[in-house]
Amino acid sequence: MELWPADKRKRLILQAKEVGVFAFLFVVRIRMIYFADALSSLPGQPLHGLKAFLHSLASVQYGNALVVGVAVFAYPFLSLTRGRLIPRKFLDFLGIWMVVNLVFHFLKINLLLFTPTRYPELLLGQLIAFVVFFVVAWGWIYWRVDCAEYEGSAGILEVKERGETLSMFDYMYSSLYAIQKMGYESNISGSTRLGRILVSIHNFMVLDLVAIGLGRFYQLIKSTL
C-alpha cells in the first residue's frame, strides 16, 4: 500500500533522526581512538600483550574508519535528501554495528579497570566518551525494541517520565537518568520478559560503569598526590 505524503514525510523525518543518531555515535567512536594510549602498559604487567594488540588495532583504525564511515553514511543521507525511505535492514545493520562496539568497549574498559595503565587520565577521558556512546546507544536499543519505526510504545517497556508523544529522546533520557542516579534509580521498566531482561542488562552495565568511574577517579587522584 502506498504511503500518503504526510505519512511518508513523517517516516522520512524519523529515519533522518535515526541516521543522525548513528552518525553521532560514529563521531564519538572516532573520538575514542584519541584515547587509545590508555591501553599502554609496561612490559611484564598483567595482560600487557593483549593490551598492546588492542592499542595497535586502535592505532590503524582511524584512517580506515573515516573512509568506511563516509562511504556508509553517504547512502542514507543521499536517499533521505531525495525523499527515498531507507530499508529497515540497512538501519538495523547500523544498529548491529553500534551494539558490537558497545559490547566490545564495555569489555575493554572493564579489562583496563583490573590492569595498571601508564596514563590513567586518558582512561578517564575514554570512559567519559564511552558513557556518551553508552547513553545514546541504549536509547536507540530501547526505542528500536519498543517503537520500531513509528512513534508510540509497543508495550514492551514503560517509561515513567515522558513527553506527550513517546519518542527516541524519551528513551535516551531514561538511559541518561540511570547514569545520573548512579544506577540506584531508573524511570524505565519492562512490561514483558524481553523488556525486563533489557532493563536488567542496562542497569547492570550502569552500575559497572559507575564503579569503574569511581575507581579510575580514585587512581587519578592517588597518582597526583
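For the structure given in this document, a descriptive report is provided here. Sequence order as written defines the numbering, with residues in each chain counted from 1. With the structure being a predicted model, the display of local features is reserved for residues of pLDDT at least 70 and the display and counting of side-chain atom pairs for 80 or more, all residues being used for whole-chain, interface and lining totals. With hydrogens and water excluded, all non-hydrogen atoms of the structure serve as input to the side-chain values.

**Here's the deal with the pattern of salt bridges**
Line of reasoning, step 1. Each reported salt bridge corresponds to a side-chain nitrogen of Lys or Arg within 4 Å of a carboxyl oxygen of Asp or Glu. Using the criterion set out here, one finds 3 salt bridges in the structure.
Line of reasoning, step 2. Here Arg-88 makes a salt bridge to Glu-18, at a shortest N to O gap of 2.5 Å. Of the two residues, Arg-88 sits in helix H4 (residues 88–113) while Glu-18 sits in helix H1 (residues 5–32), which places them 70 residues apart along the sequence.
Line of reasoning, step 3. Between buried and exposed lies partly exposed: a residue is buried under 20% and exposed over 50% of the maximum accessible area for its type, with that area taken using a 1.4 Å probe on protein chains only. The buried category is assigned to Arg-88, whose relative accessible area is 16%.
Line of reasoning, step 4. When salt bridges that share partners are traced, they join Glu-18, Arg-88, Asp-92 and Arg-144 into one network. Helix and strand definitions here come from DSSP, where helices need a minimum of 4 consecutive H or I residues and strands a minimum of 2 consecutive E residues; each element is numbered from the N-terminal end.

**With respect to the layout of surface pockets**
Line of reasoning, step 1. Counted as a void, the largest pocket has a volume near 300 Å³.
Line of reasoning, step 2. Along its surface, the largest pocket is lined by 14 residues, and Phe-26, Ala-65, Val-68, Gly-69 and Trp-97 are the ones closest to its centre.
Line of reasoning, step 3. Those elements that place two or more of their residues in the lining of the largest pocket are H1, helix H3 (61–81) and H4.
Line of reasoning, step 4. Counting residues per element, the lining of the largest pocket draws most heavily on H3, which supplies 7 residues.
Line of reasoning, step 5. When grouped by side-chain class, the residues that make up the lining of the largest pocket number 9 nonpolar, 4 polar and 1 charged.
Line of reasoning, step 6. Using only the protein atoms, space was sampled on a 1 Å grid; points where a 1.4 Å probe fits but cannot get out form cavities, open sets with protein on both sides within 12 Å along at least five of seven lines form pockets, and lining residues are those with an atom within 4 Å of a point. Grid points are joined across faces, edges and corners, and a volume is the space filled by probe spheres set on the points. Taken as a whole, the second largest pocket encloses approximately 220 Å³ of empty space.
Line of reasoning, step 7. Contributing to the lining of the second largest pocket are Leu-124, Leu-127, Ile-128, Val-131, Ile-179, Met-182, Val-206, Leu-209, Val-210, Gly-213 and Leu-214.
Line of reasoning, step 8. Of all the secondary-structure elements, those providing two or more residues to the lining of the second largest pocket are helix H5 (120–147) and helix H7 (193–224). Residue polarity is assigned by list, with Asp, Glu, Lys and Arg as charged and Ala, Val, Leu, Ile, Met, Phe, Trp, Tyr, Cys and Pro as nonpolar; anything else, Gly included, falls into the polar class.

**Some points on the packing of aromatic side chains**
Pairs of aromatic rings are described using the distance from one ring centre to the other and the angle between the two planes.
Line of reasoning, step 1. Paired rings are identified among Phe, Tyr and Trp, the last through its six-membered ring, by centres lying within 6.5 Å, and are further divided according to the angle between planes into stacked (under 30 degrees), edge-to-face (over 60) and tilted (the rest). Enumeration over the complete set of coordinates arrives at 9 aromatic pairs.
Line of reasoning, step 2. Judged by centre distance (6.4 Å) and plane angle (45 degrees), the rings of Phe-26 and Trp-97 are tilted. Here the residue Phe-26 occupies a position in helix H1, and Trp-97 occupies one in helix H4, the gap between them amounting to 71 residues.
Line of reasoning, step 3. The partly exposed category is assigned to Trp-97, whose relative accessible area is 27%.
Line of reasoning, step 4. Look at Phe-130 and Phe-134: their rings are 6.2 Å apart centre to centre, the planes differ by 45 degrees, and that puts the pair in the tilted class. Placement of the pair is Phe-130 and Phe-134 together in helix H5, with a separation of 4 residues, close to one helical turn.
Line of reasoning, step 5. Members of the aromatic cluster, each reached through a chain of ring pairs, are Phe-26, Phe-73, Phe-77 and Trp-97.

**Overview of a nonpolar patch on the surface**
Line of reasoning, step 1. Here a patch means residues that are over 30% exposed by relative accessible area and free of salt bridges, tied together within 9 Å if like-charged and within 5 Å if nonpolar (Val, Leu, Ile, Met, Phe, Trp, Tyr). The Shrake-Rupley method, run with a 1.4 Å probe sphere, supplies the accessible areas, and residue values consider only the shown protein chains as cover. Together, Met-182, Tyr-184, Leu-207 and Leu-214 give the surface a local cluster of nonpolar side chains, amounting to about 460 Å² of exposed area.
Line of reasoning, step 2. The residue Met-182 is located in the loop between helix H6 (168–180) and strand E2 (188–190) in this model.

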